[in-house]
Structures are given as structure tokens and as C-alpha cells.
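# A closer look at the structure
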Amino acid sequence: MRIAVYPGSFDPITNGHLDVIERASRLYDKLVVGVLNNSNKKPLFSAEERVDMIQRVTGHLENVEVDTFTGLLVDFAKSKGANVIVKGLRTVADFEYEFQMALLNKSLNPEYETMFMMTNTKYSYISSSMVKELAGFKGNLTGLVPCEIIEQIKEKYE
């Protein structure tokens, strides 16, 4: 069975993230979306809220599992039986950072491969940080995040 992990903070999940999830889910028997629970960061949404949002917007994808993790990505991937890490790229800057991370992960465990997926160009400008900033100013989130979670994001700023 071909299992891949798509890690991220997903705070919140964007249409760019969802695009990568949908496309990667067609390439692997199972895709595990790994929600990073980083104690050094103060996310807008709890890990549980982020898992719930992702599960709601990926419910149509039978081979997608959503889980949280802390610690090393390679350890999480191993616990899920995966040997491929999927990384979504929007820009060249994303590639430079993710390339370094891929090399680090490869040095930690040579069995792991990293697959880079370019997000659809119509989503290349979207980031979770931008979504949060826009929501803070009561901006329109339509087209940036899945419609199922727009109200949940807005509630954080009321």
C-alpha cells in the first residue's frame, strides 16, 4: 500500500491546501494529513478544531485520514506506515525552504522521499496568514478557504 503524509499547520486550511490534498489523494492509496501541533506557536485554532475543519472539507475523499502530531515529521510518517512526504509549493521561496527540509528529513531517514506539488496557480497567492489577516479586517474569504469553514473563521474575530 502506498501511503503518504501531507504535513502542515493548516491554521486554517485554505483552498490551496485542499487542492494539494485532493490531487495527492489520487496518487496514493492513503493520504494522511498531519496537523502539526507546535507548542512554540500560538495558532488561531486548536489542533482539534483544525482536524475537524479538514475532516469536514475532505469527507468526500475516502482515502484521506487526518491526525495531529508533535515532534519530528519522519517519526509521524513512520507511525503511519508512510514513506512519502507531500509538500505543497506556491512560490520559489516555498521551494527553497521545503528543499532544505526535504534534505534534513532524508538525512534523518533515507527511506523517505519528498514529493513537491505545485498548487494550482489560482491559489498560489493564498496563505493561512493572509486569510487570518483578512478575516481580522472582516474581509471576504470567499474563494480563499472552503465555504464550509468561513463562518467558523469569522467567529474567531467577533
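Here, the structure is the one placed above.
First things first, this report covers the structure right here in the doc. (Residues numbered from 1 in each chain as written. Predicted model: local features only at pLDDT ≥ 70, side-chain atom pairs only at ≥ 80, totals over all residues. Heavy atoms only, no water.)

## Regarding the overall build of the protein chain
Looking only at helices and strands, the protein chain has 6 helices and 5 strands in total. Element order for the protein chain, N to C, with α for helix and β for strand: β-α-β-α-β-α-β-α-β-α-α. A compact globule built from 158 residues should have a C-alpha radius of gyration of about 15 Å, and the protein chain, at 15 Å, falls within 12% of that. Taken along its principal axes, the extent of the C-alpha atoms in the protein chain is 45 × 30 × 30 Å. Among the 158 residues that make up the protein chain, the fraction classed as buried is 47%. Taking all contacts inside the protein chain whose residues are at least 6 apart in sequence as the whole, residues at least 24 apart take part in 74%. (Helix = DSSP H or I, 4+ residues; strand = E, 2+ residues; numbered from the N terminus. Rg over C-alpha atoms; globule rule 2.2 N^0.38 Å. Buried < 20%, exposed > 50% of the residue type's maximum accessible area, 1.4 Å probe, protein only. Contact = heavy atoms within 4.5 Å.)

## A word on unusual backbone geometry
Asp11 connects to Pro12 through a cis peptide bond whose omega is 0°. As for its placement among the helices and strands, Pro12 is situated in the loop between strand E1 (3-8) and helix H1 (15-25). We note that Phe10 has phi near 50°; this positive angle belongs to a residue other than glycine. Relative to the elements of secondary structure, Phe10 occurs in the loop between E1 and H1. In the Ramachandran plot, Lys138 falls in the positive-phi region, its phi being about 65° despite a non-glycine side chain. Tracing the backbone through its elements, the reader meets Lys138 in the loop between helix H5 (128-136) and helix H6 (150-155). Residue Lys138 is classed as exposed on the basis of its relative accessible area, which comes to 58%.

## Structural notes on a nonpolar patch on the surface
On the surface, Leu72, Leu104 and Leu108 cluster together to form a nonpolar patch covering roughly 260 Å² of accessible area. Assignment of secondary structure puts Leu72 in the loop between strand E3 (64-69) and helix H3 (73-79). (Patch = residues over 30% accessible without salt bridge, like charges linked within 9 Å, V, L, I, M, F, W, Y side chains within 5 Å. Areas by Shrake-Rupley, 256 points an atom, 1.4 Å probe, with all protein chains shown as cover. Salt bridge = Lys/Arg side-chain N within 4 Å of Asp/Glu carboxyl O.)

## Thoughts on the layout of surface pockets
Counted as a void, the largest pocket has a volume near 1100 Å³. Lining the largest pocket are 38 residues; nearest its centre among them are Pro7, Gly8, Ser9, Tyr97 and Glu98. Listing elements by their share of the lining of the largest pocket, those giving two or more residues are E1, H1, H3, strand E4 (84-89), helix H4 (92-108) and H5. In terms of residue count, the dominant contributor to the lining of the largest pocket is H4 (7 residues). Split into classes, the residues belonging to the lining of the largest pocket amount to 16 nonpolar, 13 polar and 9 charged. (1 Å grid on protein atoms, 1.4 Å probe; cavity = no way out; pocket = protein on both sides within 12 Å on 5 of 7 lines; lining within 4 Å. Points joined across faces, edges and corners; volume = space filled by probe spheres on them. Nonpolar A, V, L, I, M, F, W, Y, C, P; charged D, E, K, R; others polar.)

## Considerations on the packing of aromatic side chains
Summed over the entire model, instances satisfying the criterion amount to 4 aromatic pairs. Geometrically, the ring pair formed by Phe95 and Phe99 is stacked, given 5.4 Å between the ring centres and 25° between the ring planes. With Phe95 and Phe99 both in helix H4 and 4 residues apart, this pair spans about one turn of that helix. The class of Phe95 is partly exposed, set by a relative accessible area of 36%. Judged by centre distance (5.5 Å) and plane angle (65°), the ring pair of Phe95 and Phe116 falls under edge-to-face. Within this pair, whereas Phe95 is found in helix H4, its partner Phe116 is found in strand E5 (residues 113-118), the two being separated by 21 residues in sequence. (Phe/Tyr/Trp six-rings, centres within 6.5 Å; stacked < 30°, edge-to-face > 60°.)

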